[in-house]
Amino acid sequence: MGRGDLTNEEWARLKLHIPKSGQRGRPWVSHRRIINGILYRNRTGVPWRDLPARFGKWKTVHERHRRWSADGTWDKIYAAVLADADAQGRIDWSMVSVDSTTCRAHQHAAGARRKPPRVPGQDARLGKHRPDEGLGRSRDGLTCKIHLAGEGGRRPLALLIVPGQWGDAPQLIPVMERLRVGRLGGGRPRTRPDHLGRDKAHSSRRNRRYLRRRQIKHTIPEPKNQRANRQRRGSKGGRPTGFDKTIYKRRNEVERTINALKTCRAVATRFDKRVYVFQGTVTVVPIRLWLRG
């Protein structure tokens with residue numbers, strides 16, 4: 001076992017959720033060796049062609065990652081790992097925070113073809129194609145932004161990738177809609193935390209109405225301009241928003257979650273042209289974090 005490879009305990013948890021065989025009934029190359037190669041590339045950010053020989057052919061590792069990103073296998077594994085963690089009581093629902101981080105895009109991440117790509121190994125086009133490929137132009141060049149919901153144990157529960165110039169406030173609802181942790185015993189998945197924390201970038205009437213409608217307790221500071229506008233309108237402005245400074249101190253947990261996510265160089269800097277491949281690259285990181293317990 002090399003540095004950064006899956007341990008025996010992690011592999012025992014993971015192998016229960018991975019596909020059993022390849023296309024047309026042919027067995028795939030050892031999943032453990034391939035996944036270790038994907039983890040190595042995520043951690044170091046090296047080009048796929050520069051993977052060490054101990055992981056086998058680089059093309060096999062790349063195609064496995066690309067195919068699993070396209071058909072949603074990484075998402076299914078992520079959901080299964082979250083369900084196991086919730087059944088074991090390892091998810092801290094007392095405080096879930098939402099935040100975002102910007103990732104610079106490498107020059108190799110630009111230049112993808114505009115037409116929808118084909119699903120690897122299939123004749124159909126990719127269903128969830130995004131023409132923007134999750135890239136946006138800002139003052140520093142091409143960037144993308146990762147929005148996530150992190151639990152109190154500093155591990156992600158939901159992920160969303162958007163272009164870098166998109167605002168934070170409109171993405172709160174899409175992130176919360178992705179927060180779905182299944183139950184092993186059956187029943188509806190859990191979608192509501194005990195409490196939600198966010199900074200003032202997400203303070204909008206639309207977001208607050210959404211959280212009230214879903215009966216989610218939240219702590220979001222109100223910007224000065226919104227507070228002044230509410231006071232100017234008098235009784236029509238509504239009641240002042242509640243704010244608990246003690247609970248808000250836990251906002252550092254989501255910042256530390258982002259730090260754990262961006263320790264992987266392939267996440268801190270985007271090298272993937274296609275957004276669905278980068279989505280898989282980002283999803284692999286929280287899978288590993290949850291496997292570590």
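The coordinates are above.
Conventions and cut-offs
- Residues numbered from 1 in each chain as written.
- Predicted model: local features only at pLDDT ≥ 70, side-chain atom pairs only at ≥ 80, totals over all residues.
- Heavy atoms only, no water.
- Helix = DSSP H or I, 4+ residues; strand = E, 2+ residues; numbered from the N terminus.
- Buried < 20%, exposed > 50% of the residue type's maximum accessible area, 1.4 Å probe, protein only.
- Polar contact = N/O pair within 3.5 Å; in protein donor to acceptor, adjacent residues only side chain to side chain.
- Contact = heavy atoms within 4.5 Å.
- Disulfide = S-S within 2.5 Å.
- Arc of directions from axis to C-beta.
- 1 Å grid on protein atoms, 1.4 Å probe; cavity = no way out; pocket = protein on both sides within 12 Å on 5 of 7 lines; lining within 4 Å.
- Points joined across faces, edges and corners; volume = space filled by probe spheres on them.
- Nonpolar A, V, L, I, M, F, W, Y, C, P; charged D, E, K, R; others polar.

Bringing the side chain of Asp-99 into the picture now. Position of Asp-99 relative to the elements: it lies in strand 1 (residues 96-105). Judged by relative accessible area, which is 5%, Asp-99 ranks as buried. Of note is the side chain of Asp-99, whose polar atom sits 3.3 Å from the side chain of Arg-198. Not counting residues up to four positions away in its chain, the partners in contact with Asp-99 are Ile-146, His-147, Leu-148, Arg-198, Asp-199, Arg-251, Val-254, Glu-255 and Ile-258.

For the rest of this paragraph, the subject is the state of the cysteines. Per the stated rule, a full pass over the model turns up 0 disulfides. As a non-bridged cysteine, Cys-103 has Cys-144 as the owner of its nearest cysteine sulfur, 4.7 Å distant. Owing to a relative accessible area of 0%, Cys-144 belongs among the buried residues under this scheme.

Buried within helix 6 (residues 205-213) we find Asn-207, Arg-208, Tyr-210 and Leu-211. Seen along its axis, helix 6 keeps its buried residues to an arc of 160 degrees; they face one direction. In this structure, helix 6 carries Arg-205, Arg-212 and Arg-213 as exposed residues pointing more than 90 degrees from its buried face. In the core, the buried residues of helix 6 are packed alongside helix 5 (172-177), strand 5 (196-197) and strand 6 (218-219). One or two residues past the end of helix 6 sits Gln-215, with phi positive at roughly 60 degrees.

Throughout the structure, instances matching the rule amount to 1 cavity of 30 Å³ or more. Within this model, the largest cavity holds a volume of roughly 60 Å³. Leu-6, Leu-14, Ile-35, Leu-39, Trp-74, Val-284, Ile-287, Arg-288 and Leu-291 are the residues that line the largest cavity. Going through the elements one at a time, helix 2 (31-44) and helix 11 (275-291) are the ones with two or more residues in the lining of the largest cavity. When residues of the lining of the largest cavity are assigned to their parent elements, the largest contribution, 4 residues, is made by helix 11. When grouped by side-chain class, the residues that make up the lining of the largest cavity number 8 nonpolar, no polar and 1 charged.

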